[in-house]
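# Coordinate inspection notes
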Amino acid sequence: MTDKPSLLPFTPVLIKLLKGPVEYLEKTTWHQLLTYQNELTRFLQGLGLVLVLEKEDGYAFLEQIKLDEEENVAGWVRRVALGYEESVLLVLLRDMMAEFEVGEVSSRELIKKRREIKEYAELFFKENPSRVKFIRDLDRLIDRAEEMDFLEKVENNDLPDEQKFRIKKIIKARVDNEILETFKQQLTQYATGSI
């Protein structure tokens, strides 16, 4: 007869974090995360990971500890290289989040229709000679942002452009205020012709 192995009390939260960010909307997991925050933090440090917990915004994720001056890491978290257009869309989504947070907020979550995201993005992308291809490219970028877990569909609609997305606050960790300000400065310089 073999003894059943005893799991650490925060094992379910650890598994979720290793798969990706955790949000406050996952009530049980979020509660466990807050309950075992100290124990989990100590455990993760031994693995070369840091728990980044943004209680106010309601998300948490893992970051790798830099092992040396060359910024080598243990290799737990897979890094995904973003193309230029994907990066621009993420900055634009982050800008929408910043505007949302500065305005009068009646909701904790920022919800936008696909059409609204495309209309906002059109101002910053060079339009392709083929309008149909241009719109298709914007749709592809929005779908990619959803795959990367920065957008979440919140209600289905028969009309694709009326599909609503929640812009996840985790985008603030990927695109911080410094990146956002640099981007805005570059846009201003581009608009005034000083670039």
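Just above sits the structure.
Residues numbered from 1 in each chain as written. Predicted model: local features only at pLDDT ≥ 70, side-chain atom pairs only at ≥ 80, totals over all residues. Heavy atoms only, no water.

### Re the pattern of salt bridges
Opposite charge on two side chains permits pairing when their charged atoms draw close. Just so we agree on the cut-off: The salt bridge definition used is simple: a Lys or Arg side-chain nitrogen within 4 Å of an Asp or Glu carboxyl oxygen. For the purposes of this entry, the term helix denotes a DSSP run of H or I that reaches at least four residues, the term strand denotes a run of E that reaches at least two, and both are numbered from the N terminus. Only protein chains enter the area calculation, which uses a 1.4 Å probe; residues under 20% of their type maximum are buried, those over 50% are exposed, and those in between are partly exposed.
As enumerated under the stated definition, the model contains 19 salt bridges in all. A salt bridge links glutamate 101 to lysine 172; the nearest nitrogen and oxygen atoms lie 2.9 Å apart. Here glutamate 101, found in helix H4 (residues 84-102), pairs with lysine 172, found in helix H7 (residues 171-174); they are 71 residues apart in sequence, far enough to count as distant. Glutamate 162 is paired through a salt bridge with lysine 113; the nearest N and O atoms lie 2.8 Å apart. Highlighted residues: glutamate 162 in the loop between strand S5 (151-155) and strand S6 (164-167) and lysine 113 in strand S4 (residues 110-113), separated in sequence by 49 residues. The class of glutamate 162 is buried, set by a relative accessible area of 18%. Using a relative accessible area of 22% as the deciding quantity, one classes lysine 113 as partly exposed. The network of salt bridges with common partners includes Glu23, Glu109, Asp149, Glu152, Arg166 and Lys168.

### Concerning the nonpolar core
Rules: Definition used in this section: a nonpolar core is a set of buried Ala, Val, Leu, Ile, Met, Phe, Trp, Tyr and Cys residues joined via side-chain atoms within 4.5 Å.
With 32 residues, the main nonpolar core has Leu89, Leu90, Leu93, Ile117, Leu151 and Ile167 as its most contacted residues. Among the elements that make up this core, the one with the highest residue count is H4 (ten residues). Val13, Val22, Leu40 and Leu51 belong to the second largest nonpolar core, which has 15 residues in total.

### Focus: the sheet that holds strand S1 (residues 22-23)
Let me state the cut-off plainly: A pair of strands is treated as paired once DSSP finds two or more bridges between them. Only heavy atoms matter for contacts: two residues are in contact if any of them lie within 4.5 Å across the pair. Orientation is described by axes fitted as lines to C-alpha atoms, over the contacting stretch for helices, and by angles from 0 to 180 degrees between their N-to-C directions.
The sheet built from three strands is open, its strands ordered S1-S3-S2 with antiparallel pairing. Each end of this open sheet is capped by a strand with a single partner; those strands are S1 and strand S2 (49-54). Pairing of S1 with strand S3 (residues 59-64) involves two bridges; the strand directions are antiparallel. Paired with glutamate 23 across the strands is tyrosine 59, a residue of S3. Here helix H1 (residues 11-19) sits on the sheet and contacts S1, S2 and S3; the angle it forms with S3, its principal contact strand, is near 70 degrees. Each of S2 and S3 is contacted by helix H3 (residues 37-45), which is oriented at about 150 degrees to S2, the strand it contacts most.

### Considerations on unusual backbone geometry
One non-glycine residue with positive phi stands out, namely aspartate 149, at about 75 degrees. Tracing the backbone shows aspartate 149 in the loop between helix H6 (131-147) and S5.

### A closer look at the packing of aromatic side chains
Let me state the cut-off plainly: Two rings from Phe, Tyr or Trp (for Trp, the six-membered ring) form a pair when their centres sit within 6.5 Å of each other. Planes less than 30 degrees apart are called stacked, planes more than 60 degrees apart edge-to-face, and all others tilted. Only Lys NZ and Arg CZ are tested; either one counts as a charge over a ring when it is within 6 Å of the ring centre and within 35 degrees of the ring normal.
Scanning the entire structure with this criterion turns up two aromatic pairs. When the ring of tyrosine 59 is compared with that of phenylalanine 61, the centres are 6.2 Å apart and the planes differ by 20 degrees; the resulting orientation is stacked. Pair check on accessibility: tyrosine 59 and phenylalanine 61 agree, each one buried. Positioned above the aromatic ring of tyrosine 24, the side-chain terminus of arginine 108 is 3.8 Å from the ring centre.

### Focus on the packing of H1 against H3
Stated precisely, the cut-off is as follows: We call two directions roughly parallel when the angle between them is under 35 degrees, roughly antiparallel when it is over 145, roughly perpendicular when it lies between 65 and 115, and oblique otherwise. Crossing handedness: left-handed means the near helix sits turned counterclockwise from the far one by under a right angle, and right-handed means the same turn made clockwise.
Interhelical geometry of H1 versus H3 gives an angle of 55 degrees and a closest axis separation of 11 Å. The angle between H1 and H3 places the two elements in the oblique class. Of the two elements, H1 crosses H3, and the hand of that crossing is right-handed. Here Val13, Leu14 and Leu17 of H1 come into contact with H3, specifically with Leu40, Phe43 and Leu44.

### Notes on the sheet that holds S6
In sheet architecture, strand pairing relies on hydrogen bonds along the backbone and comes in two forms, parallel and antiparallel. The strand order across the open sheet built from three strands is S4-S6-S5, with neighbouring strands paired in antiparallel fashion. Either end of the sheet is taken by a strand with one partner, and the two such strands are S4 and S5. Along the sheet, successive strands turn relative to each other by an average axial angle of 40 degrees, direction set aside. Where S4 and S6 come together, four bridges link them in antiparallel fashion. The partner of leucine 110 across the bridge, within S6, is isoleucine 167. Of the strands in this sheet, S4, S5 and S6 touch H4, which is tilted by about 125 degrees from S4.

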